Amino acid sequence: MSDAGDHRDDSLGGDDGHRVDAGYLVTVPVRWSDMDVFQHINHARMVTLLEEARIPWLFYDERPTVGLRKGCLVADLHVKYQGQVRHDESPIEVTMFTTRVRAVDFSVGYEVRPKGAAPDSRPAVVASTQLVSFDVDTQRPRRMTAPEKDYLMSFHRP
């Protein structure tokens, strides 16, 4: 997982995100290089866009989870396409929430909608990742702190 700075470049339509009833919503710009020959967002690039959405939610300095910047691994990833997301529907809106928080890992759910879609509309993409808090020095999982777990639990959706 890449390190994140304090703020993202929002010149392409992205933002730092904000809390919503359904979780944490981030608008992510889609680049020309993210498109396939059919003008859809390429499936491999969708995984990168999900990672870009996680950065302001988890890794910015003011987040209780900022310590995850020092070590956080993707242990599992699932992506299900339920509809098309076209390049001209950029920026995409990614809503994230936790489905499980344990001592050293947590699972994140994602709902991806094209710009302007109703928040309660069927997502074009649903995904999940299992993220593991990791100590790079010892090369072992590390226990998350109480503030990290509390922050993640504040976005829990059963």
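The structure displayed is predicted, hence computed values, not measured ones. Per chain, the residues get numbers from 1 upward, laid out in the order the sequence is written. Local features in this predicted model are restricted to residues whose pLDDT is 70 or higher, and side-chain atom pairs enter the listing and the counts only when it is 80 or higher, whereas totals over whole chains, interfaces and linings include all residues. The basis for every side-chain value is the complete set of non-hydrogen atoms in the structure, without hydrogens or water.

A. Here's a closer look at the pairing of strand S2 (residues 23-28). Type-normalised accessible area, obtained with a 1.4 Å probe on protein chains alone, sets the label of each residue: buried when under 20%, exposed when over 50%, and partly exposed for intermediate values. Only DSSP runs of H or I with at least four residues qualify as helices, and only runs of E with at least two residues qualify as strands; both kinds are numbered from the N terminus onward. Burial analysis of S2 places 6 of its 6 residues in the buried class, the great majority of the element. We call two strands paired when DSSP finds no fewer than two bridges between them. Note that strand S1 (residues 18-20) and S2 share 3 bridges and pair antiparallel. When the sheet's bridge partners are listed, Val 20 is paired in S2 with Gly 23. Linking S1 to S2, which pair antiparallel, is a turn of 2 residues. Across 5 bridges, S2 lies against strand S4 (residues 92-101) in antiparallel orientation.

B. Geometry of the packing of aromatic side chains. The aromatic pairing rule takes the rings of Phe, Tyr and Trp, using the six-membered ring of Trp, and pairs them if the centres are within 6.5 Å, calling planes under 30 degrees apart stacked, those over 60 edge-to-face and the rest tilted. Applying the stated criterion across every chain yields a total of 4 aromatic pairs. Measuring from centroid to centroid gives 5.5 Å for Trp 57 and Phe 155, while their planes differ by 90 degrees, and the two rings are edge-to-face. One end of the pair, Trp 57, is in helix H1 (residues 43-59); the other, Phe 155, is in the segment after helix H2 (146-153), with 98 residues separating them in the sequence. Among the residues examined, Trp 57 registers a relative accessible area of 0% and is labelled buried. Accessibility expressed as a relative area gives 4% for Phe 155, which makes it buried. Summarising the aromatic geometry, the rings of Tyr 151 and Phe 155 are spaced 5.2 Å apart at their centres and angled 75 degrees between planes, so their arrangement reads as edge-to-face. Residue classification places Tyr 151 among the buried residues on the basis of a relative accessible area of 11%. Taken together, the ring pairs connect Tyr 24, Trp 57, Tyr 151 and Phe 155 into an aromatic cluster. Above the plane of the ring of Phe 155 lies Arg 19, whose end atom (NZ or CZ) is 3.9 Å from the centre. Two limits define a charge over a ring: the Lys NZ or Arg CZ must be within 6 Å of the ring centre, and within 35 degrees of the ring normal.

Spatial relationships are all this shows, so hold off on functional conclusions.
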